[in-house]
Amino acid sequence: MKKQLAVILFLINSIGFLKSQTKNQHIIGLNIETSNMPRIINARLGANLTYIYAYKRFCIRAEGGILPGSNFGTFLKTCLNFGYTSDLNKPISVHLLGGIGGFTSDETYSHNGFEYSPLIGGLNADAGILVRPFHNERVYMGLDLMTTRYEVSPNGYIEMNLREGNTYRGLLFLFNFSVNYKLNGSKQTK
């Protein structure tokens with residue numbers, strides 16, 4: 001019975017996928033980002049440019065930005081995520097994405113007698129919502145939550161127990177508030 005229900009749900013979703021979604025949507029945006037960065041990194045606020053391409057229920061989201069003022073100088077952020085989006089022609093749409101990316105910096109940080117380097121990113125997950133608060137069908141406000149991992153560890157050769165005892169690891173949660181603009185006009189459907 002469970003297999004039959006799963007097949008029926010898959011078929012219903014497939015029909016909706018073919019019939020109800022928008023076609024070739026291009027959206028650019030500017031967002032302000034805050035996060036739960038730990039004290040060893042010491043950066044909380046950044047800015048990003050985003051580009052969203054959506055075809056039917058498939059969505060690609062590219063993001064590039066900066067995170068200034070950390071212990072490691074200015075971080076550069078690059079992410080490429082892909083996944084599901086609901087209909088962008090509706091007043092409210094959601095997206096669920098996964099992909100790769102993170103933050104990079106060439107600087108090191110001295111702390112407790114060690115030189116540290118950060119590794120922030122790799123695989124990430126992104127969930128967001130776009131809302132059209134005005135009657136303009138091209139302007140969207142957005143909220144996004146992205147999660148990825150971080151590791152800040154000492155550089156050079158040191159004993160394994162010292163390295164592990166002085167390494168910081170965890171999950172980052174990045175919250176974005178964005179203003180977005182649809183490039184290709186309003187209500188393009190199949």
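Preceding this paragraph is the structure being described.
The structure contained in this document is the topic of the report that follows. (Residues numbered from 1 in each chain as written. Predicted model: local features only at pLDDT ≥ 70, side-chain atom pairs only at ≥ 80, totals over all residues. Heavy atoms only, no water.)

Some remarks on the packing of aromatic side chains
Scanning all chains against the criterion turns up five aromatic pairs. Ring geometry for Phe72 versus Tyr109: centroids 5.8 Å apart, planes at 65°, classification edge-to-face. With Phe72 in the loop between β3 (58-70) and β4 (73-85) and Tyr109 in strand β6 (residues 109-111), this residue pair connects regions lying 37 residues apart in the sequence. Exposure remark for Phe72: the relative accessible area of 0% places this residue in the buried category. Ring plane angle 75° and centroid distance 6.3 Å describe the contact between Phe114 and Tyr116, whose orientation is recorded as edge-to-face. Note on Tyr116: relative accessible area 0%, which makes it buried. Every member of this aromatic cluster is reached through a ring pair, and the members are Phe72, Phe75, Phe103 and Tyr109. (Phe/Tyr/Trp six-rings, centres within 6.5 Å; stacked < 30°, edge-to-face > 60°. Helix = DSSP H or I, 4+ residues; strand = E, 2+ residues; numbered from the N terminus. Buried < 20%, exposed > 50% of the residue type's maximum accessible area, 1.4 Å probe, protein only.)

Observations concerning the pattern of salt bridges
Tallied over the entire structure, the rule returns seven salt bridges. When the shortest N-O distance is used, the salt bridge between Lys77 and Glu33 registers 2.4 Å. Placement of the pair is Lys77 in strand β4 and Glu33 in strand β1 (residues 25-35), with a sequence separation of 44 residues. Each member of the pair Lys77 and Glu33 is classed as buried. Among the charged side chains, a network of salt bridges with common partners joins Glu33, Arg61, Glu63, Lys77, Asp126 and Asp144. (Salt bridge = Lys/Arg side-chain N within 4 Å of Asp/Glu carboxyl O.)

A word on the environment of Asp144
Looking at the secondary structure, you find Asp144 in strand β8 (residues 139-154). It is 6.5 Å that separates the C-alpha atoms of Asp144 and Ile129, two residues lying 15 residues apart in sequence. Residues in contact with Asp144, not counting those within four places in the same chain, are Arg61, His95, Asp126, Ala127, Gly128, Leu174, Phe175 and Asn176. Only 2.8 Å separates the side chain of Asp144 from the side chain of His95, close enough to count as a polar contact. (Contact = heavy atoms within 4.5 Å. Polar contact = N/O pair within 3.5 Å; in protein donor to acceptor, adjacent residues only side chain to side chain.)

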